[in-house]
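# Observations on the three-dimensional arrangement
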Amino acid sequence: MKFPYGLSDFAKVIESGYWYQDRTDCLPMLEAAGDQLLFIRPRRFGKSLLLSMLEHYYDLNRADDFERLFGTLAIGRDPTPLRNRYFVMKWDFSLVKAHGTVREIESALHQHLNDCIRAFALRYRERLDEPVVIHEENALSSWASALMAVSRTPHRLYLLIDEYDNFANEVLMADLDGGRDRYEALLQGEGALKTVFKAVKAAAGGLGLDRVFITGVSPVVLSDLTSGYNVAETIYLEPKFDALCGFTESEVATVLEQLAAEGAGASTWTPADALNTMRTFYNGYRFSEDAETSVYNPTLTLYFLKALQDAGRPPARMLDENLAMDRHKLRYIAALPHGEALLIEALSANDVLQIPQLVRRFGIAEVLAATKDRAFMASLLYFFGILTLAGQGVLGKAILRIPNLVARALYVERLRETWLPDAGERDAVLEYAEAVYLRADLEPLADFIETRYFAVLSNRDYRWANELLVKFAFLTALFDDRLYMAVSELETGRGYVDLALIVRPEMRRFQALDLLLEFKYVGLKELGLTGDQVRAESRDALAARPAVAARLDAAAEQARRYGATLREHHDLTDLRALAVVAVGLERLVWRVL
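Reading guide: rules and limits
- In this convention, every chain numbers its residues from 1, walking through the sequence in written order.
- Local features in this predicted model are restricted to residues of pLDDT 70 or higher, and side-chain atom pairs are both shown and tallied only at a pLDDT of 80 or more, whereas totals for entire chains, interfaces and linings draw on every residue.
- Hydrogens and water are ignored here; the side-chain numbers use all heavy atoms of the structure.
- Helical segments are the DSSP runs of H or I of at least four residues, strand segments are the runs of E of at least two, and each set is numbered from the N terminus.
- Every radius of gyration here is taken over C-alpha atoms, with the globule rule written as 2.2 Å times N^0.38, N being the number of residues.
- Each residue is assigned to one of three classes by its accessible area relative to the maximum for its type, calculated with a 1.4 Å probe on protein chains only: buried under 20%, partly exposed between the two thresholds, exposed over 50%.
- Note on contacts: a residue pair is in contact if any heavy atoms of the two residues lie within 4.5 Å.
- We get accessible surface area from the Shrake-Rupley algorithm with a probe of 1.4 Å; when it comes to residues, only the shown protein chains can shield them.
- We count Lys and Arg on the positive side and Asp and Glu on the negative side, and we leave His and both chain ends out.
- Lysine's charge is taken at NZ, arginine's at CZ, aspartate's at CG and glutamate's at CD.
- Expected span of a helix: the number of residues minus one, times 1.5 Å.
- Think of it this way: the bend at a residue is just the angle between two axes, each fitted to seven residues, one set ending at that residue and the other starting at it.
- Any two of the Phe, Tyr and Trp rings considered here, Trp counted by its six-membered ring, make a pair once their centres fall within 6.5 Å; the pair's planes then place it as stacked at under 30 degrees, edge-to-face at over 60, or tilted in between.
- Any Lys NZ or Arg CZ found within 6 Å of a ring centre and within 35 degrees of that ring's normal is scored as a charge over the ring.
- At least two DSSP bridges between two strands are needed for those strands to be called paired.
- A fitted line through C-alpha atoms serves as each axis, taken over the contacting stretch for helices, and the angle formed by two N-to-C directions is quoted from 0 to 180°.
- Roughly parallel means an angle under 35 degrees; roughly antiparallel, over 145; roughly perpendicular, 65 to 115; everything else is oblique.
- The crossing is said to be left-handed when, going from far helix to near helix, the turn is anticlockwise and less than a right angle, and right-handed when the turn is clockwise.
- Cysteine sulfur atoms are paired as a disulfide whenever they fall within 2.5 Å.
- What counts as a salt bridge is simple: a side-chain nitrogen of Lys or Arg found within 4 Å of a carboxyl oxygen of Asp or Glu.

### Things to note about the overall build of the chain
- Counting secondary structure elements, the chain contains 26 helices and 13 strands.
- Its C-alpha atoms give the chain a radius of gyration of 27 Å, near enough to 25 Å, the size a compact globule of 593 residues would have.
- Counting across all 593 residues of the chain, residues that qualify as buried make up 57%.
- Summarising the internal contacts of the chain: among those between residues at least 6 apart in sequence, 71% fall at separations of at least 24.
- In the form shown here, the chain has an accessible surface area of approximately 24100 Å², with 47% of it arising from carbon and sulfur atoms.
- When the 68 positive and 83 negative side-chain charges of the chain are each reduced to one mean point, those points stand 1 Å apart.

Written out as C-alpha cells, the structure is:
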C-alpha cells in the first residue's frame, strides 16, 4: 500500500497506485444538492483532493481518461449523465497574498484570477472558437471574456473555488487593528472580493456558468459577502455529507488489517492496538448534529499509517507539525475576554460546553466586537476543528466537545504557555512530572503547584475555585502525549475517572506507570482558616483535619474502585491510583494507593 500523505492531485493518486478512500458515490447527491454549493471543513481535511476529484470527473478534456481514473470506483460503475460535460476552472485563494496595502492585495487577487483564466484558455484552446482576452489590470474583464468564449460552445462552465475565505481571514487575523480597514475595503461596498463574487453570481444567470463548488474553513466572511453572493447552498452541516472528507472507523480498521497482512512492522503492533491509539488521538469529528458516526482527521490518519509502514511503529509525536498552525487560533480565542475560561470549560469533560446554537455566519462586526459571547468563540473553534458537535442538550442547545487527544493537546499546550510563560519553569515541570511517571512520587510536582500554579490560578477571574482548577493544574503539568493517552473524565463503568494517564501501547517497553488521579477540594471557609494559616501547617496536619480527611477518604475510595475496573478490563497490572485533595488554592495532600 502507498499512502497519499500530502497529495491533493486526484490523477496522481489513482495513476500512481496510492490508496484512495472512495468518495465518488457522493457525486449523485452533490449534483442533486444544488448548482452552487458551499462546503466547509477544518484545515488539512481533504478538501483540495475532493475538488481535484470533481475536476477530473466533470472535465470534458478528460473524457478519454474516465475509465482509467474512475473505472474501479463507485461512480465508474454507474456514472451520472454530467460526467465529463463541463469546462472546468479552478481558483485557489490560499495562493493570494494577504499582506500589504489594500491596493496590493487587490492586485494580487486580480493576478491570481488572471493566471487561472490564462491557464483555462490554454487548456481548452482547441475547444474554444473565440479567443479569451486577458485584461492584466482587471481580471473581471478577463472573466467576462472567458464566459463569452464558453457561451459560444455547446458546453457550460463548472467553477471550483478552494479556500474562498483564506486570504480574507489572513487579513483579518494577522493584524486586527490595521486589518479592519483592509478587510472592509475588500468585502464591503464595492470591495474587490465582494465584486468578484457578484460577478460569479451574475455569470450563473445565463452567462455560461452552470455549477460552482466552494470550499473554506469557516463562514467568517460569508456574512459580509451575502449581498454579493447569496445563492450558495450550504451543505457542510448535512449528515449525508458528514464523511465526505475524513475516514470512518470501519475504513481505518480495514486499512490497518491490510497493512498488517503486508507485514509492515507487524511484530511491534497489532491492528487492535493501533486502532485504539488512532481512535483516541484522531477520531471524534461530527460536523452534523444528526451524524450517526464520527470521522477521523484524514491528514493525521495518513501520517500515522505512513509511520506504521515506514518505521513499523506509530509516530512518536501524534500531532503532525503540518497541523501545528492551529495553535495560533487557540491563542486568538484565549486572548479574548473570558476566552481562557472557555478553553478550561471545554477541557473539563467531553460534553459540558453548551451554546444555544452554532453560529453559522459572522462578519467584520462580530469578529472585531470588543466582547465576543460564548456562542461566537465556541462556534469559531468548531469551524477550526478544535471543537466538534456532540448532540443536543437542554432545550435543544448544541453540545460541543474536544474531538480527540490531538486537539486536547493543543488546549493543554496553550494553557501551559499561558500559566507558565517562562521556559525554565516549563522545563522544571517536565522534570517533576517524570518523578510521577516513574515512581508515582507526587511531592516535587505538588510543591511546584502550591508555590507557582496556585498563585497563577488564584489571581485569575474564574467563576469557580474547586477541584476543576486543581485537575487542570495537574493535567497541564502531567500531559505528555508522547508517552500517554491522557483522558479527562474516563468512563470506567462505575463512574468517571477525573484524570487517567494510560501508557500508549507502543511505549510500554519503557518504565512509565499507568496513572489514575481523583481530585477533591476543601474551601478555606469550611475549615475556618486563612490562607496564611493553611500554608503554615504541615501536610500531615492538614490531612488529619476532619473535613480534609473525609475528602481524602472519598477520593481514595473512588480511586480504588475505578482502579480495580481499569486493572481488570484493560490489563493495567502496574496502575498507580492517587487521591489528591486541594485545601483552597493553597496546599495539596494526597494518598498513593
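What follows continues from the structure just given.
### A word on unusual backbone geometry
- Although it is not a glycine, Arg 44 sits at a positive phi angle of roughly 55°.
- Take Arg 44: it is sitting in the loop between strand 1 (36–40) and helix 3 (47–58).
- Positioned with a positive phi, Asn 84 is a non-glycine residue whose angle comes to about 50°.
- Structurally, Asn 84 can be placed in the loop between helix 5 (74–77) and strand 2 (86–92).
- Given a relative accessible area of 8%, Asn 84 falls into the buried group.

### Details of helix 21 (residues 443–458)
- The end-to-end C-alpha distance of helix 21 is 21 Å, a good match for the 22 Å that 16 residues give at a rise of 1.5 Å each.
- Of all the bends in helix 21, the greatest measures close to 40° and is centred on Ile 449.
- Along helix 21, the residues classified as buried are Leu 445, Ala 446, Phe 448, Ile 449, Glu 450, Tyr 453, Phe 454, Val 456 and Leu 457.
- Contacts from the buried residues of helix 21 go to helix 19 (405–419), helix 20 (423–439), helix 22 (467–478), helix 25 (539–544), strand 12 (575–583) and strand 13 (587–592).

### Considering the packing of aromatic side chains
- Going through the model one piece at a time under the given rule, you end up with 34 aromatic pairs.
- With a centroid separation of 5.6 Å and 85° between ring planes, the pair formed by Trp 419 and Tyr 453 is classed as edge-to-face. With a gap of 34 residues between them, Trp 419 in helix 19 and Tyr 453 in helix 21 connect regions that are remote in the sequence.
- In this structure Tyr 453 comes out as buried when scored by relative accessible area, which is 1%.
- Taken together, the aromatic side chains of Phe 10, Tyr 20, Tyr 57, Tyr 58, Phe 66, Phe 70, Tyr 86 and Tyr 158 make up a single cluster linked through ring pairs.
- Looking at Arg 83, its charged tip hangs above the ring of Phe 66, at a distance of 3.9 Å from the centre.

### Considering the sheet that holds strand 8 (residues 398–401)
- Spatially, three strands are ordered 6-8-7 in an open sheet, and the strand pairing comes out antiparallel. Each edge of the open sheet carries a strand with a single partner, namely strand 6 (353–355) and strand 7 (388–392). In this sheet, neighbouring strand axes are inclined to one another by 35° on average, regardless of whether the strands run parallel or antiparallel.
- Here three bridges tie strand 6 to strand 8, and the two strands are oriented antiparallel to one another. The residue bridging Gln 354 from the neighbouring strand is Ile 399, located in strand 8.
- Across the sheet, helix 18 (residues 374–383) touches strand 6, strand 7 and strand 8, and the angle it forms with strand 6 is around 115°.

### Description of the pairing of strand 1
- In terms of burial, strand 1 is a largely internal element, five of the five residues being buried.
- Alternating positions in strand 1 separate into two faces, Gln 36, Leu 38 and Ile 40 on one and Leu 37 and Phe 39 on the other, with burial throughout.
- Judged from the five bridges that link them, strand 1 and strand 4 (residues 209–216) form a sheet pairing that is parallel. From the neighbouring strand, Leu 37 faces strand 4, where its bridge partner is Phe 213.
- Here strand 1 pairs with strand 5 (residues 233–234) via two bridges, running parallel. Counterpart to Leu 38 in the pairing with strand 5 is Thr 234.

### Some details on the side chain of Thr 299
- Locating Thr 299 in the fold gives a position in helix 14 (residues 298–311).
- Look past the residues within four positions of Thr 299 in its chain and what remains in contact with it is Tyr 5, Arg 44, Phe 45 and Asp 320.

### Here we look at helix 26 (residues 546–570)
- Over its 25 residues, helix 26 runs 35 Å from end to end, which matches the ideal 36 Å to within 8%, given 1.5 Å per residue.
- Buried residues of helix 26: Ala 547, Val 548, Leu 552, Ala 555, Ala 556, Gln 558, Ala 559, Tyr 562, Gly 563, Thr 565 and Leu 566, and no others.
- Positive phi shows up at Asp 571, right after helix 26, with a value of about 55°.

### Some points on the packing of helix 7 (residues 139–151) against helix 10 (residues 192–203)
- Between helix 7 and helix 10, whose axes approach to 11 Å, the crossing angle comes to 15°. Classed by the angle they form, the pair helix 7 and helix 10 counts as roughly parallel. The handedness of the crossing between helix 7 and helix 10 is right-handed. In this structure, helix 7 uses Leu 140, Trp 143 and Leu 147 to contact helix 10, whose residues at the interface are Thr 195, Val 196, Ala 199, Val 200 and Ala 203.

### With respect to the state of the cysteines
- This structure, assessed with the given rule, holds zero disulfides.
- The thiol of Cys 26 is unpaired, and the distance to the nearest cysteine sulfur, on Cys 245, comes to 9.4 Å.

### Notes on the environment of Leu 300
- Along the polypeptide, Leu 300 turns up in helix 14.
- For Leu 300, a relative accessible area of 1% translates into the label buried.

### Structural notes on the sheet that holds strand 2
- If you trace the five strands from one edge of the open sheet to the other, you get 2-3-4-1-5, paired in parallel fashion. The outermost strands of the open sheet, each flanked by one partner alone, are strand 2 and strand 5.
- The sheet contacts of helix 3 involve strand 1, strand 2, strand 3 (156–162) and strand 4, and relative to strand 3 the element is tilted by about 170°.
- The strands that helix 10 touches are strand 2, strand 3 and strand 4; relative to strand 4, the one it contacts most, it runs at about 145°.

### Focus: the pattern of salt bridges
- The full count for this structure, using the stated rule, is 29 salt bridges.
- Here Arg 152 ties to Glu 130 by a salt bridge, and the two come within 3.1 Å at their closest N and O atoms. Taken together, the residues Arg 152 in the loop between helix 7 and strand 3 and Glu 130 in the loop between helix 6 (102–123) and helix 7 connect sequence positions 22 residues apart.
- Assessed through its relative accessible area of 23%, Glu 130 is described here as partly exposed.
- Across the salt bridge formed by Arg 331 and Glu 417, the nearest N and O atoms sit 4.0 Å from each other. Placement of the pair is Arg 331 in helix 15 (residues 327–335) and Glu 417 in helix 19, with a sequence separation of 86 residues.
- Through salt bridges with shared partners, a single ionic network connects Asp 447, Glu 450, Arg 539 and Arg 587.

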